[in-house]
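Here is how the chains run, residue by residue.
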Amino acid sequence: MRKHYSSDTECLEVRLVETIYRLSYTGTIRITVSADTSLLCRSTMLRLSLGVLVLVGLVACKTPPDAGNLVLVRNENTRSLFDRYSCGSGETSPPGRVDTTQRLQRLRQQMIQANLSAYIITSGDDHQSEYVASHDLRRGYLSGFTGSAGDAVVTLHSAALWTDSRYYLQAENQLDCNWVLMKSGYKEVPSIQEWLLSELLPGDLISADSRIISYTEWTNWDSYFTKAGLRLELLLVNLVDKIWGVEEGRPPYPSDPLFVLNTSYTGLSWQEKIAAVRQSMDNNNCNALVLTALDEIAWLMNLRGADVPFTPVFQSYLIVGLTWATLYLPPGKSTPDVEAHLNANGRNEADSVRIKNYTDIWDDLPNLKEDGDRVWLPSAFSYARGASYLIYKKVPEGKAVFAVSPVLLMKDSKSDIEGHGMQNAHVRDAVALCQFLSMLEDGVAAGEIWDELSAVSTLERLRTAQSLSLGPSFGTIAAFGPNAALPHYEPTFETNRIIDNTSVFMLDSGGQYLDGTTDVTRTIHLGTPTDTEREIYTSLLMGCIDIASTVFPEGQTLSSLEILIRAPLYRLGLNYGHGSTHGIGFCLGVHEAFNTTYHENFFGSQEPGYYQDNEFGIRLENIVTVVKANVTLGSDSNYLTFKPVTLVPYDNNLINPHIMNKKELLWLNDYHTKVREIIGEELLRQGLHDVHGWLLRKTEPIII
């Protein structure tokens, strides 16, 4: 097989006669080479089969004059980025680590039958969803790694998994020694494409599930591999499905039926929504629109389900024609109420939605040639990944037209009734969060033992006790001390920390309700914060205030206002790497795509943060909506501003009022007055008098 050795000045090809076994913890690799092999041992990076081994400046080289052994000796007491823990001779595997040897053998047998040299297993589902059902956790089954983010690649001789910094420790513990852990974010770590180029020969075949991979991602891969002399092969079956069935413990899809979300929550009927979609289709000269994103289908049809964690959607496809529409559902999902809601048996096709079997779409897509010349497929945009590659391939050749889904653009502007529901949902959600924060504060002060996992379970219990609750809207980020330095950390048994009064505790959480979706982040300190922590926290708060209080003409974009939320942190010479704003759905996805231009009834986040490696992290997040602004001069009414929807007190223990200006202090006092009035009233209505007393203390005005 061909291997590439990259150095500061050149890339060398080395012909290996025998398989290279993984680095032992004695620090020596022994490679058998043939006499005609030329070697140069000056490389700062060495890539080997059965895992990419990176040894940066840590090897001494001994090259025999003729055929024999090349011995690379690692310097004492050093580890490379790709060394695996608990994989050395005599070392004990961590508890819970899954032996994937047989799973990989069975997958490779399937690969050989399909004439493949590599197979890519991503974390997605057939609808490119952010969260996926347990049935679709193929990468988790194959690798044993259960984190929510990560992609696996298996060749006939190697296996590697890519994941981000949230999951380095979890992946190290869960992946057995068949796997190389690729820590995304390090410059030394190759991409999937780069790694495969170093592992394979020209002409080798690669594949993945084209139902899961988006058109954009597939075509990018195909272009890269083609230039490298490799081939990306289209298969109509997922190879992991062939080795993972009920007998191997694969869970079924949820069986919960759909339910109708009536217009008292949505404001608009599905008939009104689909009429607007058809107008967009007509304007773009399209005869059919194929929708594959589950949140778009649920929103358009005013239906909800429980097929996916954290998001009340359901497995489905939807094709909308100019005078007809077909919804594709798995068996048992529809009910008489749903059929009546959709007028599924009606004679007026424009005013009814036919229901067909979920898998029938693959037979129907090729027949769209009978419905005109242009079939609209959603393109990738913002958080939306667009239609899958297989959807594209099944549409008659030359008929597919890619553009941003009209449903995506419609649902990012909430109706008045949706907006009212969102605000009501945030009130009840704030009650649950205030209950939790007061309970945590009192408990720690009294000497109770709290940790990150108990915080997650307690908050979820309080949220689900609120009316109209459908559960959490994402996996709660409960991070104490150094764990908070990871922006998207989620606690596990391996990483769980005690929460006490020695550092900051960052809590990013949200809930799903029939009348809205929430997402809120607060950071608190239950002891005495450092001056640095207070200065950073207050600067982040100032950023929240400065952007929330700004007035701007209609048409301003996310990028044009971004400087306002970051500027106070910039003045400290600090910054953060994640975005500051995302859209949020209405009883749908907590991360919703939007067109980045602010308009009335937009709902989304404002969330600055700062993360000090291995020490602490601080983030603040409110959901806001865009409303008309009151301007003092001028007759132009097209000026807008933000209105906070999240109503949860900031931690006065972390606020340094001396670095805030008068305008910011007035805004903060006004915000806390609203929290005290609106949330306080609901706390009293629910009989939570102790929490109400806590709220009064937390919302005391700052004397200016």
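In what follows, the structure referred to is the one given above.
Everything numeric here is computed off the predicted structure, so don't read it as measured data.

Criteria and cut-off values
For every chain, the first residue of its written sequence is number 1, and the numbers climb from 1 along that sequence. Local features are withheld for residues below a pLDDT of 70 in this predicted model, meaning they are given only at 70 or higher, and side-chain atom pairs are given and counted only at 80 or more; totals for whole chains, interfaces and linings count all residues. The side-chain numbers reported here are obtained from all heavy atoms of the structure, hydrogens and water having been left aside. Two cysteine sulfurs form what is called a disulfide whenever their separation falls within 2.5 Å. Starting at the N terminus, helices and strands are each numbered in turn, a helix being any DSSP run of H or I of at least four residues and a strand any DSSP run of E of at least two. Partly exposed describes any residue whose relative accessible area lies between the buried limit of under 20% and the exposed limit of over 50%, with all areas from a 1.4 Å probe on protein chains only and scaled to the type maximum. Note on terminology: a nonpolar core comprises buried Ala, Val, Leu, Ile, Met, Phe, Trp, Tyr and Cys residues joined through side-chain atoms within 4.5 Å. Within this document, salt bridges are pairs made up of a side-chain nitrogen of Lys or Arg and a carboxyl oxygen of Asp or Glu, the two lying within 4 Å of each other. The aromatic pairing rule takes the rings of Phe, Tyr and Trp, using the six-membered ring of Trp, and pairs them if the centres are within 6.5 Å, calling planes under 30 degrees apart stacked, those over 60 edge-to-face and the rest tilted. A ring has a charge above it when a Lys NZ or an Arg CZ is no more than 6 Å from the ring centre and no more than 35 degrees off the ring normal. A pair of strands counts as paired when DSSP detects no fewer than two bridges linking them. Here, axes are lines fitted to C-alpha atoms. For helices the fit covers the stretch in contact, and angles between N-to-C directions go from 0 to 180 degrees. Contact definition: two residues touch when any of their heavy atoms are within 4.5 Å. For classification purposes, angles smaller than 35 degrees are called roughly parallel, those larger than 145 roughly antiparallel, those between 65 and 115 roughly perpendicular, and all remaining angles oblique. It is the rotation of the near helix from the far one that decides the hand of a crossing: anticlockwise by less than a right angle makes it left-handed, clockwise makes it right-handed. Side-chain classes follow a simple rule in which Ala, Val, Leu, Ile, Met, Phe, Trp, Tyr, Cys and Pro form the nonpolar group, Asp, Glu, Lys and Arg form the charged group, and the remainder, Gly included, forms the polar group.

Draft legend 1. A look at the state of the cysteines. Inspection of the entire model under this criterion finds one disulfide. With a sulfur-sulfur separation of 1.9 Å, C87 is cross-linked through a disulfide to C177. The sign of the S-S torsion, about -100 degrees, decides the handedness of the disulfide formed by C87 and C177: left-handed. Residue C87 is located in the loop between β5 (68–74) and α1 (101–113), and its partner C177 is located in the loop between α3 (168–174) and β9 (180–183); the two are separated by 90 residues in the primary sequence. In this structure C87 comes out as buried when scored by relative accessible area, which is 17%. You can call C177 partly exposed: its relative accessible area is 23%.

Draft legend 2. Quick look at the nonpolar core. Counting 72 residues, the largest nonpolar core has F436, F505, Y650 and I679 as the members making the most contacts within it. Here this core gets ten residues from one element, more than from any other, and that element is helix α13 (residues 416–445). Residues Y131, A298, V320 and F586 belong to the second largest nonpolar core, which totals 41 residues.

Draft legend 3. Just the pattern of salt bridges, in detail. Scanning all chains against the criterion turns up 22 salt bridges. Residue K356 is joined to D364 by a salt bridge in which the shortest nitrogen-to-oxygen separation is 2.8 Å. Linked through salt bridges whose partners overlap, the residues forming this network are D136, R138, D241 and R250.

Draft legend 4. Main features of the packing of aromatic side chains. Applying the stated criterion to the full structure yields 24 aromatic pairs. Ring centres 4.5 Å apart and planes at 35 degrees place the aromatic pair F594 and F602 in the tilted group. Assessed through its relative accessible area of 3%, F594 is described here as buried. Ring pairing ties together the aromatic residues Y215, W218, Y389, Y392 and F402, which thus form one cluster. Its guanidinium or amino end placed over the ring of Y168, K183 lies 5.7 Å from that ring's centre, counting from NZ or CZ. Here the basic side chain of R211 rests over the ring of W362, its NZ or CZ set 5.1 Å away from the ring centre.

Draft legend 5. Focus on the pairing of strand β31 (residues 616–619). Alternating residues of β31 divide into F616 and I618 and G617 and R619, and every residue in both groups is buried. Relative to β31, strand β30 (residues 609–612) runs antiparallel, the two sharing four bridges. Paired with Y611 across the strands is G617, a residue of β31. Where β30 folds back on β31, the antiparallel hairpin that results is connected by three residues, among which N614 adopts a positive phi of roughly 65 degrees.

Draft legend 6. Molecular detail of the sheet that holds strand β19 (residues 400–403). With mixed pairing, the six strands of this open sheet are ordered in space as β17-β16-β15-β13-β18-β19. Every interior strand has two partners, whereas the edge strands, β17 (354–357) and β19, have only one. The sheet shows a mean angle of 25 degrees between the axes of neighbouring strands, direction not considered. Pairing geometry for strand β15 (residues 317–321) and strand β16 (residues 325–329), over four bridges, is antiparallel. Considered in β16, the bridge of L318 is made with L327. In this fold helix α7 (residues 270–283) packs onto β13 (288–291), β15, β16 and β18 (375–378), with an angle of close to 65 degrees to the strand it touches most, β15.

Draft legend 7. Representation of the packing of helix α15 (residues 531–548) against helix α16 (residues 558–570) within the structure. For the pair α15 and α16, the least separation of the axes is 7 Å and the interaxial angle reads 160 degrees. Considering their axes alone, α15 and α16 lie roughly antiparallel with respect to each other. Read as a crossing pair, α15 and α16 show a hand that is right-handed. For the pair α15 and α16, the contacting residues are I536, S539, L540, M542, G543, C544, D546 and I547 in the first and L561, L564, I565, P568 and L569 in the second. For the contact of α15 with α16, a count of residues per class yields ten nonpolar, two polar and one charged.

Draft legend 8. Quick peek at unusual backbone geometry. Even without being a glycine, Q128 presents a positive backbone phi close to 55 degrees. Secondary-structure assignment places Q128 in the loop between β6 (118–121) and α2 (138–143). The backbone of N285 sits at a positive phi, close to 55 degrees, despite the residue not being glycine.

Draft legend 9. Here's a closer look at the sheet that holds β6. Sheet architecture is open: six strands sit in the order β9-β8-β7-β6-β10-β11, paired in mixed fashion. Strand pairing shows two members of the sheet lacking a second neighbour, β9 and β11 (231–235), which therefore form its edges. Averaged over all pairs of adjacent strands, the angle between strand axes in this sheet comes to 25 degrees, irrespective of strand direction. The pairing of strand β10 (residues 205–209) with β11 spans five bridges and is parallel. Bridge pairing links I206 to L232 in β11. Across the face of the sheet, helix α4 (residues 192–199) comes into contact with β6, β7 (151–155), β8 (159–163), β9 and β10 while running at roughly 10 degrees to β7.

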